[in-house]
Amino acid sequence: MDLSLTPAHEALRRRLRTWLAANLPRSRRDDRSVEYGEPERIPAAKAWQRKLYEAGFVAMRWPREYGGQGADVLEQTIVDDELVRAGAPGLIGLLGVEMLGPTLIEWGTPEQKRRFLPPVLTADEIWCQGYSEPDSGSDLASLRTRAELDGDHFVVNGQKVWTSYAHLADWMFCLVRTDPEAPKHAGISYLLIDMRSAGITVRPLVQMTGDAGFNEVFFEDVHVPRANLVGGLHQGWQVANSTLRHERNMLGSSARTQQLLHAVQRLARRRGIADDGAIRQRLANLAIRVEAMRLQGLGTGGLWSFELMFTLGMIIGGGTSQIQKNIISERGLGMPRG
Ligand SMILES: Cc1cc2nc3c(=O)[nH]c(=O)nc-3n(C[C@H](O)[C@H](O)[C@H](O)COP(=O)(O)OP(=O)(O)OC[C@H]3O[C@@H](n4cnc5c(N)ncnc54)[C@H](O)[C@@H]3O)c2cc1C
């Protein structure tokens with residue numbers, strides 16, 4: 001696999017390195033407060049995302065017409081790698097950039113794209129994901145939060161749980177049941193809900209880490225304009241799966257894992273145990289796994305999966321391998337016909 005970079009890729013890497021050296025304050029390096037959802041750090045986190053966006057390094061893979069860079073996987077990976085290398089803080093608007101944005105680009109109306117995509121990029125509006133409910137996690141399609149259509153708006157009642165960042169979010173992309181009579185996957189719709197609407201209560205859930213990144217969200221007669229329906233009425237399951245596809249892609253990215261690896265390596269050096277044989281072995285093992293994950297994410301993986309699938313044909317074409325074995329055994333070895 002040829003992973004050598006083109007001159008354009010090298011130029012992108014140099015441009016970002018130079019930009020980071022000039023724009024990433026030392027005090028913000030390795031700052032993970034965004035991941036812990038610390039409210040007092042939000043303005044700085046928003047300012048960072050806006051700055052990064054204005055420099056052209058946010059939503060690299062979105063099409064240019066929606067404010068992205070139309071970048072390929074390798075360009076995105078270069079940007080991720082450089083941000084990790086510099087210890088840059090994560091994006092406060094990650095769910096918007098990685099999950100809602102691509103979903104709206106695929107399913108949204110022109111008006112929804114015009115209204116919602118720009119503030120996702122600049123972090124002027126933060127999004128959370130309202131999927132899970134107390135009895136609907138793995139079996140997501142059994143969700144019961146109800147939305148009844150009443151003229152030009154829906155009235156939403158029910159509860160979500162494990163909603164990351166709901167306490168900071170301006171908006172939620174939310175799955176609701178709009179047809180309780182239909183089979184469970186067929187009665188769901190996908191709504192965009194303003195978190196400041198009357199009737200919404202957010203209750204933080206404190207985790208064993210001590211921070212409260214998750215929340216319970218309660219809806220009591222919450223009015224949501226019909227214009228905030230994404231995709232067709234009762235067709236939210238298809239839209240939800242688009243978002244899930246993008247979410248899994250985001251979670252599978254090696255950027256965060258690389259950042260953690262660097263942190264563990266630094267910790268081992270600080271504690272003076274980095275040269276201990278057993279520790280070195282474990283760090284090397286981790287580094288190999290993280291690198292394998294990074295390479296797999298490069299998308300040149302597409303070439304390998306193509307080759308793998310293509311070579312399956314090689315054991316069929318020109319006579320299958322079983323037939324070849326028959327020929328060898330019968331004609332070469334003089335064995336009786338099978
Ligand atoms: C870090 C984190 C962030 C999250 N953020 C959000 C968020 O922002 N928004 C949101 O909506 N949700 C969020 N979630 C919730 C997450 O989507 C659910 O926790 C997940 O879908 C599992 O659902 P559950 O917790 O109800 O577990 P359950 O569905 O109760 O599952 C419990 C166990 O049973 C197993 N199990 C269940 N059914 C089957 C089956 N059919 N076959 C085999 N095994 C099965 C599961 O694998 C699991 O081990 C978050 C969760 C985490 C950990």
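Residues numbered from 1 in each chain as written. Predicted model: local features only at pLDDT ≥ 70, side-chain atom pairs only at ≥ 80, totals over all residues. Heavy atoms only, no water.

Along the backbone of the protein there are 10 helices and 8 strands. Each principal axis of the C-alpha distribution contributes one length, and for the protein these read about 85 × 60 × 40 Å. For the protein, buried positions account for 42% of its 338 residues. Within the protein, contacts between residues separated by at least 24 positions form 70% of all contacts whose residues are at least 6 apart in sequence. Charged side chains of the protein number 40 positive and 39 negative; the gap between the two group centres comes to 7 Å. (Helix = DSSP H or I, 4+ residues; strand = E, 2+ residues; numbered from the N terminus. Buried < 20%, exposed > 50% of the residue type's maximum accessible area, 1.4 Å probe, protein only. Contact = heavy atoms within 4.5 Å. Lys, Arg positive; Asp, Glu negative; His and termini not counted. Charge placed at Lys NZ, Arg CZ, Asp CG, Glu CD.)

Before going further, it helps to spend a moment on the side chain of H153. Within the secondary structure, H153 sits in strand β3 (residues 153–160). Take H153: its relative accessible area is 18%, and that puts it in the buried class. Of note is the side chain of H153, whose polar atom sits 3.3 Å from the side chain of H223. The contact partners of H153, leaving out residues within four places of it in the chain, are E148, H223, V224, P225 and R226. (Polar contact = N/O pair within 3.5 Å; in protein donor to acceptor, adjacent residues only side chain to side chain.)

Where helix α1 (residues 7–23) contacts helix α2 (residues 42–54), the two axes come as close as 12 Å, and the packing angle between them is 145°. The interaxial crossing formed by α1 with α2 has right-handed handedness. Seen from α1, the contacting residues are W19, L20 and N23; seen from α2, they are W48, K51 and L52. Classifying every residue of the contact of α1 with α2 gives 4 nonpolar, 1 polar and 1 charged. (Axes fitted to C-alpha atoms, helices over the stretch in contact; angles between N-to-C directions. Left-handed = near helix turned anticlockwise from the far one by under 90°. Nonpolar A, V, L, I, M, F, W, Y, C, P; charged D, E, K, R; others polar.)

Taken together, Q129, Y131, S132, G137, S138, W162, T163, S164 and F214 make up the full set of residues adjacent to the ligand. For the ligand, whose unbound accessible area comes to 980 Å², protein coverage reaches 36%. Of the residues in the shell around the ligand, the class split is 3 nonpolar, 6 polar and no charged. (Near = heavy atom within 4 Å. Areas by Shrake-Rupley, 256 points an atom, 1.4 Å probe, with all protein chains shown as cover.)

Attention now goes to the packing of helix α7 (residues 255–270) against helix α8 (residues 277–296). The geometry of α7 relative to α8 is characterised by a closest axis approach of 10 Å and an angle of 165° between their N-to-C directions. Accordingly, the angle class assigned to the pair α7 and α8 is roughly antiparallel. Handedness of the α7/α8 crossing: left-handed. Facing T257, Q258, L261, V264, Q265 and A268 of α7, the residues of α8 in contact are I279, L283, L286, A287, V290, M293 and R294. (Parallel < 35°, antiparallel > 145°, perpendicular 65-115°, else oblique.)

Further remarks concern a nonpolar patch on the surface. On the surface, a cluster of nonpolar side chains totalling about 300 Å² of accessible area is made up of L312, I315 and I316. Within the secondary structure, I315 sits in the loop between α9 (301–312) and α10 (321–332). A relative accessible area of 48% means that I315 is categorised as partly exposed. (Patch = residues over 30% accessible without salt bridge, like charges linked within 9 Å, V, L, I, M, F, W, Y side chains within 5 Å. Salt bridge = Lys/Arg side-chain N within 4 Å of Asp/Glu carboxyl O.)

Among the 7 residues in strand β4 (residues 171–177), 7 count as buried, and that is most of the element. The alternating pattern of β4 places W171, F173, L175 and R177 on one face and M172, C174 and V176 on the opposite face, and all of these are buried. Pairing of strand β1 (residues 127–130) with β4 involves 4 bridges; the strand directions are parallel. The residue of β4 that forms the bridge with G130 is C174. Relative to strand β5 (residues 188–194), β4 runs antiparallel, the two being bridged by 7 bridges. Note that in β5 the partner of C174 across the bridge is L191. (Pairing = 2+ DSSP bridges.)

Okay, the domain arrangement of the protein next. The domains assigned to the protein are domain 1 (7–92), domain 2 (127–247), domain 3 (259–299) and domain 4 (307–338). On a C-alpha basis, the centroid separation for the pair domain 2 and domain 4 is 55 Å. (Domains from an automatic or database assignment.)

Counting residues in hydrophobic clusters, the biggest one holds 54 residues, and the most contacted among them are F57, Y190 and L192. Of all the secondary-structure elements, those providing two or more residues to this core are α1, α2, α3 (73–85), α4 (94–107), α5 (110–122), β4, β5 and α6 (236–251). Examining the composition of this core, we find that 6 residues originate from one element, α4, more than from any other. Here this core gathers at least three residues from each of two domains, domain 1 (7–92) and domain 2 (127–247). Beyond its immediate stretch of four places on either side in the chain, F57 contacts L12, R15, L16, W19, L52 and V79. A147, L191, V217 and V222 belong to the second-largest nonpolar core, a separate cluster that totals 18 residues. (Core = buried A, V, L, I, M, F, W, Y, C linked by side-chain atoms within 4.5 Å.)

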